Amino acid sequence: MTDSFLPTQLKNRLPKRLRSTLTILRDNRSIRPLIVLSLLGLFTLPLGILVRQLVSEIDSKINVGIRERQGLAYSQPLIRLLDSLLEYRDMSHQMPKVKPIYVFWKQQEIYRQFQQVQAQDDRLNSILTTNDRHQKILQDWQLVLQATENRNLTRAELYTLNSSVIDNTQNQITHVGDMSELILDSNLDTYYLSDMLIHLLPTTAKKIATARDLHLDRLNKTIDRRSSFNEVSSQLQYLKLGLEEMENLLQRNRRTIMNSNPTLELPNNRFLSLNNRLAKFRDSLSDMQVQQSLNSESSPATEPTADPKFLANKVREKADEALRETFLLYEYLLPITDQLLQERIIHRQQQRQNAILFTSLVLFIIIAIYGFLARSWQLRHEAEQRLKLQYQTTQIAAEATDIPIALSNILQVLCQNQGWQLGEIWQLEAPSSLEAEWTVQCSNQWQDPKLVQTVSQIATIDQWKQSQQTLHIQKNVGFIGRAWHHRTIEWLTLPDQSIHLWGRTGLASQFQFQSAVAIPILQGDICLGIIALFSQSQLAASQDNNAIFSTLGRHLGEFLHRQKTAIELVHAKDQAEASSRSKSQFLANMSHELRTPLNAIIGYSELLQEDAEIEGRTDMISDLSKVKNAGRHLLGLINDILDLSKIEAGRMELYLEQFEVRSLLTLVVPTIEPLLNKNSNHLEVHCAASVGTMYADVTKVRQVLVNLLSNATKFTHNGIIKLTISVIPWEDSTSLRGVEFQIEDSGIGIAPEHLQKLFQNFTQADASTTREYGGTGLGLAISQQFCQMMGGHILVTSELGQGSIFTIRLPLNVQDLKNAHNP
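Here's a quick rundown of the structure. Computed from a predicted structure; not experimentally measured.

Here we come to the pattern of salt bridges. Throughout the structure, instances matching the rule amount to 20 salt bridges. Between Arg-67 and Glu-181 there is a salt bridge, with its nearest N and O atoms 2.5 Å apart. Remark: Glu-181 occurs in the loop between α7 (155–179) and α8 (188–220) and Arg-67 occurs in helix α4 (residues 45–94); sequence separation between them is 114 residues. Arg-809 is paired through a salt bridge with Glu-740; the nearest N and O atoms lie 2.8 Å apart. One end of the pair, Arg-809, is in strand β12 (residues 803–811); the other, Glu-740, is in strand β10 (residues 737–744), and 69 residues separate them in sequence. Arg-809 gets classed as partly exposed once you look at its relative accessible area, which sits at 28%.

In structure tokens form, the structure reads like this:
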């Protein structure tokens, strides 16, 4: 017996050479424990996947840290460039007061800083995508140089052009922080540090420089003609508020960083110094100073502070100090941030190493446990295979609808699970005469595809199949006959016992069969057939195998018995249905022959009753009235039976037409008035104003209403019967609305246990009602059938002793479903 240790789907995905190697290893019993050990090692795969996912997450965090450090490296020369650009804009704004040599030196310094930024851009553009923005800054800078050299722009236009380069540089700093994920850092300390480096400090420097330039323009009366003194004052007031906001944000960030990382040493003195410089600079941006400088021009200066030149130098000095402190704080914070990121990268690298080390240790322990339990796992696997065989065969037998296919599937599962190369199922064949004996013939066969690989083997298997057709095995002859006779499992060792193969000895030797077994298929003590299995391996009888085969044989016997019984029941059911259809067809065809005599009897009884009344034969009137009433009653019963027969025979048709619902009531109410008067009942009709016409079979709708109203009057005495008609929504492809007829009575009601059989043929709610009230029990059944033919239905609610409510629901536009399906 061989085992399949790999799932079929997984095995089919393996390369052909690897599958062949696994097959050879599988058939070698001496190394099966090693195979079990190796395959059970696959259970460690989920652990490896989890660890791999953990390592991937750690690697992702490491990569984020590296990218953040790259963003800091790129931002550092950009900040220095921003500092130089702010200073160059101030120098350009003061021309021609500034000496050209100073301007040239500053241009060379900016050129060197652009080279530093270019070096970072060449190294990190693929990660941070900064090249396009960098080229735009270079192009704008070239325009600034050309305008400075040609002096073809006004002072305000040159200032605007310089401001554009500064704005683009600041945007580049923000872009670098975004692409390097500095502004999305998950740690509070580095997040707020990055916020100061990427946003707050560059913005503060820009606002200081802009406020300084505007205030100096006011003092020197060099404001652009298009701007008024008040507009510039408003801009300065906005910048002062912005600087105050930047100062508050810097303090908030510093406090947050210290709270989240108390051990971190921040340059607090630099924060305090910057706050002081910003406060002094904001104080210097005073409108009072400007007003004093304007007054000093009209009168001699009494105080040196009123001199515009002195005030301008004072403002410039305080602005330069604030700018210097801003960029100095940046230089202090940059290495602190970089150090934090570096420490986190190192910490995560240690986490990665620890995860890999822990996984290696766990894998070593699992492999050691697997090695210790290899033998028990193999035994357990073999037991599971046996249970799997029983489950699969039982499932096939339970779900089977075709006996030959089910037997073929069971035979295939059995051979593949237990390692047999060829399998046969022999079933009993009934004798052709009373004197003949029972024989068995082969009905199903399965062979391993690997069994037939050469031309000679193809010819041999064809001969084997031909021998099955001509071989008739008798009881107690051959190993199959012995299994049939003794009803026990028979093992055969080949080629020593080839004589028991019944003329197939040569064919078995060509396939190199070494073992065979015959398993009786039993249903109780009756043998229904034999399973014959052949293997190229030397297999011997064992208690476990015999138990499996015995159970399988009995399950298969029960299956064959059930299938045979089911086939007989289906055949009997088909015969019964055919008989019922014939009966219904007969009654439907006999409708004219049955109704005509009854109509004649009723007609003649009415004529005789009229003659008796004319002649004064009062003694005959009562008898003739009884004959007429009995005839009409019998005609009603026959009409109901014929209608039901027509429905069952499929001959009942719909005659659809458009009619007024209110006009239908004029036909229904007079019909049931005699019944109402008989039991002293009162009928109330409520028809909604929205009820108009409907398209349906008016005769069948009328008959349904009459049937239900008649039932209501029959089971109600001295009561009120309500008929309510309304329009209701209807979810249908042909009709969006429907009509509802609700019939409510105050009669005897129906018990809950009798409601479920209310619409069955020849059935009333209670047998006692038949004796007391009469009836065949067909009225409700026919009414329900009519409603269903028109796409509707009847609902009923009732309470014993309180009355009943029958609800008829029909679409307003009835479709003939029979003709729609059979055009």
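What follows picks up the thread again.
What follows is about helix α21 (residues 661–678). Owing to its 3.6 residues per turn, the α-helix aligns residues three or four sequence positions apart on the same side. Between its terminal C-alpha atoms α21 stretches 27 Å, which fits the 26 Å expected from 18 residues at 1.5 Å a residue. Of all the bends in α21, the greatest, near 40°, is centred on Ile-672, and the proline Pro-674 appears no more than four residues after it. Of all the positions in α21, only Val-661, Leu-664, Leu-665, Val-668, Ile-672 and Leu-676 are classed as buried. Ser-680 lies just past α21 and shows a positive phi near 60°.

Here we come to a negative patch on the surface. Taken together, the side chains of Glu-610, Asp-611, Glu-613 and Glu-615 present a region of like negative charge at the surface. Within the fold, Glu-610 resides in helix α19 (residues 591–615). On the basis of relative accessibility, which here comes to 46%, the residue Glu-610 falls in the partly exposed class.

Once that is clear, we can look at the packing of α4 against α7. Two numbers describe how α4 lies on α7: the axes approach to 9 Å, and their chain directions differ by 170°. Between α4 and α7, the crossing angle belongs to the class labelled roughly antiparallel. For the contact of α4 with α7, the residue count by class is 15 nonpolar, eight polar and three charged.

We now examine the packing of aromatic side chains. Two aromatic rings are characterised by how far apart their centres lie and by the angle between their planes. Taken as a whole, this structure holds seven aromatic pairs when the rule is applied. Both rings, one in Tyr-102 and one in Trp-105, keep their centres 5.8 Å apart while their planes meet at 50°; by these two values the pair is tilted. Note that Tyr-102 and Trp-105 are positioned in helix α5 (residues 100–128) at a spacing of three residues, about one turn of the helix. Residue Tyr-102 is classed as partly exposed on the basis of its relative accessible area, which comes to 41%. Over the ring of Phe-271 we find Arg-254; its NZ or CZ atom is 5.9 Å from the centre of that ring. For Lys-700, the ring lying beneath its charged end belongs to Phe-786, and the centroid distance is 5.4 Å.

Attention now moves to the nonpolar core. With 70 residues, the main nonpolar core has Leu-86, Leu-193, Met-196, Leu-201, Ile-208, Phe-281 and Leu-333 as its most contacted residues. Not counting the four nearest positions on each side in its chain, Met-196 is found in contact with Leu-201, Pro-202, Leu-250, Asn-253, Ile-257, Phe-271 and Leu-333.

Note on placement: Glu-684 falls in strand β7 (residues 682–687). Sequence separation between Glu-684 and Leu-723 is 39 residues, and the spatial gap between their C-alpha atoms is 6.1 Å. If we skip the residues at most four places from it in the chain, Glu-684 touches Ile-720, Ile-721, Lys-722 and Leu-723.

Relative to β12, strand β11 (residues 793–799) is paired through seven bridges, and the arrangement is antiparallel. Paired with Ser-798 across the bridge in β12 is Ser-804. What sits between β11 and β12 in their antiparallel hairpin is a turn of three residues, with Gly-801 showing a positive phi close to 85°.

This next bit is on unusual backbone geometry. Its identity as a non-glycine residue notwithstanding, Glu-181 has a phi of 65°, on the positive side. Residue classification places Glu-181 among the partly exposed residues on the basis of a relative accessible area of 25%.

We now examine the sheet that holds strand β9 (residues 720–729). In spatial order, the strands read β7-β9-β10-β12-β11; together these five strands make up an open sheet with mixed pairing. Two strands close off the open sheet at either side, each with one partner strand: β7 and β11. Adjacent strand axes in the sheet meet at a mean angle of 15° when their direction is disregarded. Sheet topology places β9 next to β10; eight bridges connect them, and they run antiparallel. What sits directly across from Ile-725, in β10, is Phe-741. The sheet strands contacting helix α22 (residues 698–714) are β7, β9, β10, β11 and β12, and the helix crosses β10 at an angle near 25°. Contacts from helix α25 (residues 779–789) reach β11 and β12 within the one sheet, and its direction differs from that of β11 by about 140°.

Our next topic: α7. For α7, which comprises 25 residues, the first-to-last C-alpha distance of 36 Å matches the rise-based estimate of 36 Å (1.5 Å per residue) to within 8%. Two residues or fewer past α7, Glu-181 is found with a positive phi of approximately 65°.

Across the interface, helix α6 (residues 131–150) lies against α7 with an axial gap of 9 Å and an inter-helix angle of 160°. Compared by their axis directions, α6 and α7 come out roughly antiparallel. The handedness of the crossing between α6 and α7 is left-handed. Touching Arg-133, His-134, Lys-136, Ile-137, Asp-140, Trp-141, Leu-143, Val-144, Ala-147 and Thr-148 of α6 are Leu-158, Leu-161, Asn-162, Ser-164, Val-165, Asn-168, Thr-169, Asn-171, Gln-172 and His-175, all from α7. Looking at the contact of α6 with α7, its residues break down into eight nonpolar, nine polar and three charged.

Scoring rules and cut-offs
Residues numbered from 1 in each chain as written. Predicted model: local features only at pLDDT ≥ 70, side-chain atom pairs only at ≥ 80, totals over all residues. Heavy atoms only, no water. Salt bridge = Lys/Arg side-chain N within 4 Å of Asp/Glu carboxyl O. Helix = DSSP H or I, 4+ residues; strand = E, 2+ residues; numbered from the N terminus. Buried < 20%, exposed > 50% of the residue type's maximum accessible area, 1.4 Å probe, protein only. Expected span 1.5 Å × (residues − 1). Bend = angle between axes of the 7 residues up to and from the residue. Patch = residues over 30% accessible without salt bridge, like charges linked within 9 Å, V, L, I, M, F, W, Y side chains within 5 Å. Areas by Shrake-Rupley, 256 points an atom, 1.4 Å probe, with all protein chains shown as cover. Lys, Arg positive; Asp, Glu negative; His and termini not counted. Charge placed at Lys NZ, Arg CZ, Asp CG, Glu CD. Axes fitted to C-alpha atoms, helices over the stretch in contact; angles between N-to-C directions. Parallel < 35°, antiparallel > 145°, perpendicular 65-115°, else oblique. Nonpolar A, V, L, I, M, F, W, Y, C, P; charged D, E, K, R; others polar. Phe/Tyr/Trp six-rings, centres within 6.5 Å; stacked < 30°, edge-to-face > 60°. Lys NZ or Arg CZ within 6 Å of the ring centre and 35° of its normal. Core = buried A, V, L, I, M, F, W, Y, C linked by side-chain atoms within 4.5 Å. Contact = heavy atoms within 4.5 Å. Pairing = 2+ DSSP bridges. Left-handed = near helix turned anticlockwise from the far one by under 90°.

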